[in-house]
Amino acid sequence: DEATSSPAARRDAFGNAVRLTQLDGLRGLAASMVVGYHFTTRYDESYIHHGSLSLTLPKGFLGVNLFFAISGFVILMTLRRTDSPIDFVVSRLSRLYPTFWAAVAISSAVVLLAGLPGHHPGPATIVGNLLMFHGLFLVPHVDGVYWSLEVELIFYVWMLTFWCFGLLRNPLRAFSAWLLVSLAAAVLPPLFSVRIPWTVEHLALLTWIPWFALGVATYENAGRENKPGAAHFVMLLAVTQIGLTAGPVEAAWAIVVALLLNFAVKGKIAVLAVKPIALLGAISYPLYLLHEDLGFAMMLRAERSGLSSALAVGLAIAIVVVLALIVHLAVERPATHRIRAWHRRGRTTRVVGGAGSSP
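Everything numeric here is computed off the predicted structure, so don't read it as measured data.

Analysis parameters
Residues numbered from 1 in each chain as written. Predicted model: local features only at pLDDT ≥ 70, side-chain atom pairs only at ≥ 80, totals over all residues. Heavy atoms only, no water. Helix = DSSP H or I, 4+ residues; strand = E, 2+ residues; numbered from the N terminus. Rg over C-alpha atoms; globule rule 2.2 N^0.38 Å. Buried < 20%, exposed > 50% of the residue type's maximum accessible area, 1.4 Å probe, protein only. Contact = heavy atoms within 4.5 Å. Areas by Shrake-Rupley, 256 points an atom, 1.4 Å probe, with all protein chains shown as cover. Lys, Arg positive; Asp, Glu negative; His and termini not counted. Charge placed at Lys NZ, Arg CZ, Asp CG, Glu CD. Expected span 1.5 Å × (residues − 1). Polar contact = N/O pair within 3.5 Å; in protein donor to acceptor, adjacent residues only side chain to side chain. Core = buried A, V, L, I, M, F, W, Y, C linked by side-chain atoms within 4.5 Å. Axes fitted to C-alpha atoms, helices over the stretch in contact; angles between N-to-C directions. Parallel < 35°, antiparallel > 145°, perpendicular 65-115°, else oblique. Left-handed = near helix turned anticlockwise from the far one by under 90°. Nonpolar A, V, L, I, M, F, W, Y, C, P; charged D, E, K, R; others polar. Phe/Tyr/Trp six-rings, centres within 6.5 Å; stacked < 30°, edge-to-face > 60°.

Of regular secondary structure, the protein chain possesses 13 helices and zero strands. Mapped from its N terminus to its C terminus, the protein chain presents α and β elements in the order α-α-α-α-α-α-α-α-α-α-α-α-α. For 359 residues, the compact-globule estimate of 2.2 N^0.38 gives 21 Å, and the C-alpha radius of gyration of the protein chain, at 21 Å, lies within 12% of that figure. Taken along the three principal axes of its C-alpha coordinates, the protein chain extends 75 × 55 × 45 Å. Sorting the 359 residues of the protein chain into buried and exposed places 51% on the buried side. Sequence-distant contacts, at least 24 apart, represent 75% of the contacts inside the protein chain between residues at least 6 apart. Approximately 16,700 Å² of the protein chain is accessible, and the part contributed by carbon and sulfur atoms is 68%. The protein chain carries 27 positive and 19 negative side-chain charges, and their two centres are separated by 9 Å.

Written out as structure tokens, the structure reads:
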């Protein structure tokens, strides 16, 4: 993320150093939860491990919700330092797309070559996935985890729109209204036997906005304005909606997420900064993108070759972590740096050219 690209950028809204290392550690935790869920629980829904596993993570999918909360924090922080819409667009596209395209290519190749029963993406599907918002056109995912990237993109569009119209000067007010609308959309339609169209629900992020709101409220709670009352109200609204729509377990997780974010941005969770977790945080994006189908294919072949289920899971984890590290070093970091450097040079040229042409 551009927030960690240089020491000078490691500043929050009120000028103090943000503990972004610990925030990255939370990303590593989120990615690990999702990997653990897919490899120990989700895999069994389609292919079934040959032997029982001593450790499973049936609620590990909630790591995605943690990712959304972190995005709420980081995107508001990014927009608070943004000078123009194109700067934000370039920062997001450079962060997301090169790594995503590499992941689509790698996952498609591995699945087609190694074989994964019931999953054979064709050329049209693979090309369509390169958009990242292919789900809006009902194009199947090359890898199941891609659904969340579309949610992220929609959130970015909303946040940039809010920024352009000045609504992020008081984001807590904007998110309070959004959460109230989302809560009404969850509660009222069943009472009147009506249904909100999927497209409306999806584009308005009615299901996911409470998680993003937790990150936004955390940022404002730690920010210069320091409006804990308003921030806590947004958090309460978010947790209430999650409890009403998803149940008490996810509501409890929402409270945990809010606490983790608040402590991490204050630098109070030292374990998140230890090297292994920091490394997982650094490679969390390619790890998230690459692990599911690639890991499934590896585990399937390993167990069919006689390897125990536990060893197959361990081998798959090792392979996807190493591959994610390679993609991080070979694609994610250099591509992000080069695209942003190109944009900065172009912006400087335009400014200098404009200044030189003035009378």
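Within the secondary structure, A184 sits in helix α6 (residues 171–191). For the pair A184 and H232, spaced 48 residues apart in the sequence, the C-alpha separation amounts to 20 Å.

This brings us to the environment of G144. Within the element layout of this structure, G144 appears in the loop between α4 (123–129) and α5 (147–164). It is 9.2 Å that separates the C-alpha atoms of G144 and L289, two residues lying 145 residues apart in sequence. Setting aside anything within four residues of it in sequence, one finds G144 in contact with E292 and D293.

Over its 19 residues, helix α9 (residues 228–246) extends 26 Å from the first C-alpha to the last, a length consistent with the 27 Å expected when each residue adds 1.5 Å. Listed as buried for α9 are A231, V234, M235, L237, A238, V239, Q241 and I242. Looking at the buried side of α9, the elements it contacts are α6, α8 (209–222) and α10 (248–265). Where α9 terminates, the next one or two residues include G247, which has phi positive at roughly 105°.

Attention shifts here to the side chain of T336. Summarising the element assignment, T336 is placed in helix α13 (residues 309–357). Overall, T336 belongs to the buried group, its relative accessible area being 10%. Side-chain polar atoms of T336 contact the backbone oxygen of S94, separated by 3.1 Å. Excluding its chain neighbours within four sequence positions, the residues that come into contact with T336 are S94, R95 and V331.

Now for α10. Here α10 spans 26 Å end to end across 18 residues, near enough to the 26 Å set by a 1.5 Å rise per residue. Taken residue by residue, α10 has E250, A251, W253, A254, V257, A258, L261, N262, A264 and V265 as its buried positions. Buried residues belonging to α10 abut α1 (20–46), α2 (63–80), α8 and α9. Immediately downstream of α10, the backbone of G267 shows phi near 70°, a positive value.

Right, let's get into the nonpolar core. Membership of the largest hydrophobic core comes to 97 residues, with the highest contact counts inside it found for L23, Y146, F155, M159, F175 and L214. If we skip the residues at most four places from it in the chain, Y146 touches F100, A103, V104, S107, N129, H134, H141 and L289.

Where α8 meets α9, the closest approach of the two axes is 9 Å, and the angle between their N-to-C directions is 165°. Between α8 and α9, the angle falls in the class roughly antiparallel. Considering the relative orientation of α8 and α9, their crossing is left-handed. Between α8 and α9, the residues in contact are P210, W211, A213, L214, A217, T218 and N221 and P228, A231, H232, V234, M235, A238, V239, Q241 and I242, respectively. Across the contact of α8 with α9, the residue classes tally to twelve nonpolar, four polar and no charged.

As a further point, take the packing of aromatic side chains. If you walk through the whole model with that rule in mind, you get 20 aromatic pairs. Aromatic pair Y43 and F296: ring centres 5.3 Å apart, planes at 75°, arrangement edge-to-face. Highlighted residues: Y43 in helix α1 and F296 in helix α12 (residues 284–304), separated in sequence by 253 residues. Taking relative accessible area as the criterion, F296 reaches 3% and is therefore assigned buried.

Look at α9 against α10: their axes get within 7 Å of each other, and the N-to-C directions meet at 155°. Taken together, the axes of α9 and α10 are roughly antiparallel relative to one another. Read as a crossing pair, α9 and α10 show a hand that is right-handed. Here M235, V239, I242, G243 and A246 of α9 come into contact with α10, specifically with P248, E250, A251, A254, I255, A258 and N262. Taken together, the residues of the contact of α9 with α10 break down into nine nonpolar, two polar and one charged.

This part takes up the environment of G243. Here G243 shows up in helix α9. Measuring from C-alpha to C-alpha, the distance between G243 and W253 comes to 9.9 Å, with ten residues separating the pair along the chain. Ignoring any residue separated from it by four or fewer positions in sequence, one finds G243 in contact with P248 and A251.

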